[in-house]
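Overview (structure and organization)
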Amino acid sequence: MFNLNTFEAVNWNRPTSELADVFWKQQTKQYWLETEVPVSKDILKWKSFEHQDVYKKVLGGLTLLDTIQTNIGMNEISKHLDDLQEKAVLTLFGAMEAIHARSYSYIFTTLCSNQEIDEVFEWVKENKQLQFKAKKISEQYKSITDKESLWKAMFSSVLLESFLFYSGFFYPLYLAGQGLMKNSAEVISLILRDEALHGVSVGYFAQNIFKTFPEEKQTELKLWGYQFLLELYENEMKYTEEIYSDIGLAAEVKKYVRYNANKALANLGLDKMFDDEAIDPIVMNGIRTDSVTHDFFSQKGNSYTIAKVKAITDNTFKF
Ligand SMILES: [Fe+2]
Ligand SMILES: [Fe+2]
C-alpha cells in the first residue's frame, strides 16, 4: 500500500522483486493487437458453420471473464501488492486483459449482426454458471484486507487465468485443429498465450506470499483452496454440459478443464487434484500453430516460442 507521507518512485534499476522484470519483458515481447489478425478471412466459413450458437456463447463467456480481469482482478491485486515492480507488472497485464476483452468484440463485429451480438451479451447476464464463476472470483478480489486475503485473491486470479477460461478456449481451438475458423482461433491463441503468462506470474508472486505463512496457516489455506477449486469445478462441469452436450463434445471438454485445473494448481505450487488424462489431439493441434496467418518478424506471432525461464521450471513458458 502507498505510504502517503513519502512517495517512492518505481526503480527498475535494481530488482526489488525476483522475476518481475522477466515477466514484464515477456509481456511486452508478446504484445499484440486484435486488428493484426485478419478475422474477416473466416467470414465465408462462418456463413455455412453449423454451430454458430455454441461459438457465440463461448466467446460471450470468455468476454465476461476478461472484463472481470480488466476491471477488478488485476486492479485490486495490484493495489494491494507492496512491491512497486510487481504492481507495474500487474497493471501491464491489466492492459492486456482490456485488449483481450475487446478482441472478442472484434470477432463478433466481424462475423455477427448487431442483434445477434446483443442477444449473446444478454445471455451472458442470464447464464447461471457464468454469473456464478464471475461472482465467486470477484468476491475474493473485492475482499482483500491483509496478506491472507491477498493470497486468496491471487489464488482466484490464477484459477481464472489457468483453469476457468479453458471450457471456452476449447471450442475455437478444436475447430481450428480441423481447419475451421482459423483466424478467430489465432486471436484466441494469442489470448491464451497471455493468460498462460499471467497464470505463471501471479502464481509465482502468490507462492512468495504463501511461503511467509506459518505451516498451520498454509495447511488451512490449502484446504480452502482445494474446496474453492472444487466448487468452481462443479460449476464448470454444469456449464460444459449446457454448452457442449448437444454437439457431443462435453466429455472431451471436461477432460480439458481438469487438465487445466491441474495446471492452475501447479502455477500456485500446489499438488494436482485430478488424474492425468489424454487431451483431444485436435485441440492440441489447434494450439500448436501450423494454422498461423499472423505474420510477424519477431516472436509476436502465436507460435508459442516463448522464452524459457529456467529459474521457475524448464517448461514454465512452454504453453
Ligand atoms: Fe485475458
Ligand atoms: Fe490474464
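Because the structure is predicted, anything quoted here is derived from the model rather than measured.

**Considerations on the overall build of the protein**
From N to C terminus, the protein includes 12 helices and zero strands. When the elements of the protein are put in sequence order from the N terminus, they spell out α-α-α-α-α-α-α-α-α-α-α-α. Looking at the 319 residues of the protein, the share that counts as buried comes to 56%. Here the analysis covers contacts within the protein between residues at least 6 apart in sequence; of these, 80% occur between residues at least 24 apart. Per element, the accessible surface of the protein, about 14600 Å² overall, is 51% carbon and sulfur.

**Points about the coordination of the iron ion (ligand 1)**
By definition of the ideal shapes, a tetrahedral metal site with four donors has angles of 109.5 degrees and an octahedral site with six donors has angles of 90 or 180 degrees. Around the iron ion (ligand 1), the protein contributes the donor atoms Asp 66 (OD), Glu 97 (OE), His 100 (ND1) and Glu 195 (OE), which lie 1.8 to 2.1 Å from the metal centre. Here the donor residues of the iron ion (ligand 1) share one chain and are spaced in sequence as D-x30-E-x2-H-x94-E. Metal-to-metal, the separation of the iron ion (ligand 1) and the iron ion (ligand 2) is 3.5 Å; Glu 97 coordinates the two. Pair noted here: Asp 66 is in helix α3 (residues 52–80) and Glu 195 is in helix α9 (residues 182–210), with a separation of 129 residues, a long-range link. Looking at Asp 66, the relative accessible area reads 0%, which means it is buried. With a relative accessible area of 0%, Glu 195 lands in the buried category.

**Structural notes on the coordination of the iron ion (ligand 2)**
Here the iron ion (ligand 2) is held by Glu 97 (OE), Glu 161 (OE), Glu 161 (OE), Glu 195 (OE) and His 198 (ND1), and the distances to it run 1.9 to 2.4 Å. Between consecutive donor residues of the iron ion (ligand 2), the sequence gaps follow E-x63-E-x33-E-x2-H.

**With respect to the confidence of the model for the protein**
Mean pLDDT over the protein stands at 91; residues scoring 70 or higher make up 89%. Predicted confidence for residues 289–311 stays below pLDDT 50, and this span has 57 contacts to residues more than four positions away or in other chains.

**Some words on the UniProt feature "active site" (unreviewed entry) in the protein**
Mapped onto the present numbering, the UniProt feature "active site" (unreviewed entry) falls at Tyr 104. Structurally, Tyr 104 is set in helix α4 (residues 84–111). Those residues in contact with Tyr 104 that lie beyond four places of it in its chain are Leu 59, Leu 62, Thr 63, Asp 66, Phe 165, Phe 169, Ile 188 and Ile 191.

**Things to note about the environment of Met 284**
Inspection of the secondary structure assignment puts Met 284 in helix α12 (residues 281–287). Considering only alpha carbons, one finds Met 284 and Tyr 174, 110 residues apart in sequence, at a separation of 8.0 Å. In this structure, Met 284 is in contact with Tyr 259 and Ile 279, ignoring residues within four places of it in sequence.

**Section: the nonpolar core**
Phe 163, Phe 169, Tyr 171 and Tyr 244 are the most contacted members of the largest nonpolar core, which has 97 residues in total. Looking at which element gives the most residues to this core, the answer is α9, with 13 residues. Phe 163 has contacts with Val 158, Leu 229, Leu 232, Tyr 233, Glu 236, Val 257, Asn 260, Ala 261 and Ala 264, leaving out every residue within four places of it along the chain.

**Quick word on the packing of α3 against helix α6 (residues 128–142)**
For the pair α3 and α6, the least separation of the axes is 10 Å and the interaxial angle reads 5°. Between α3 and α6, the angle falls in the class roughly parallel. Every residue of α6 that contacts α3 at Gly 61, Leu 64, Leu 65, Ile 68, Gln 69, Ile 72, Gly 73, Glu 76 and Ile 77 is listed here: Leu 130, Gln 131, Lys 133, Ala 134, Ser 138, Tyr 141 and Lys 142.

**Notes on the packing of aromatic side chains**
This model, assessed by the stated rule, comprises 26 aromatic pairs. Here the aromatic rings of Phe 155 and Phe 228 are separated by 6.5 Å at their centres, their planes lie at 55°, and the arrangement is tilted. Taken together, the positions of Phe 155 in helix α7 (residues 147–164) and Phe 228 in helix α10 (residues 215–244) put the pair 73 residues apart, joining distant regions of the chain. Comparing Phe 155 with Phe 228, the two get one shared label, buried. In textbook terms, an aromatic cluster arises when at least three aromatic residues are bridged by ring pairs, as seen for Trp 46, Phe 49, Tyr 55, Phe 165, Tyr 166, Phe 169, Phe 170, Tyr 171, Tyr 174, Tyr 244, Tyr 256 and Tyr 259. Over the aromatic face of Tyr 239 sits the side chain of Lys 133, whose NZ or CZ is 4.9 Å from the ring centroid.

Calculation rules
- Residues numbered from 1 in each chain as written.
- Chains lettered and ligands numbered in written order.
- Predicted model: local features only at pLDDT ≥ 70, side-chain atom pairs only at ≥ 80, totals over all residues.
- Heavy atoms only, no water.
- Helix = DSSP H or I, 4+ residues; strand = E, 2+ residues; numbered from the N terminus.
- Buried < 20%, exposed > 50% of the residue type's maximum accessible area, 1.4 Å probe, protein only.
- Contact = heavy atoms within 4.5 Å.
- Areas by Shrake-Rupley, 256 points an atom, 1.4 Å probe, with all protein chains shown as cover.
- Donors = N, O, S within 2.8 Å, 3.2 Å for Na, K, Ca; no water.
- pLDDT = per-residue confidence, 0-100.
- UniProt positions renumbered as here; feature names shortened; annotations may be inferred.
- Core = buried A, V, L, I, M, F, W, Y, C linked by side-chain atoms within 4.5 Å.
- Axes fitted to C-alpha atoms, helices over the stretch in contact; angles between N-to-C directions.
- Parallel < 35°, antiparallel > 145°, perpendicular 65-115°, else oblique.
- Phe/Tyr/Trp six-rings, centres within 6.5 Å; stacked < 30°, edge-to-face > 60°.
- Lys NZ or Arg CZ within 6 Å of the ring centre and 35° of its normal.

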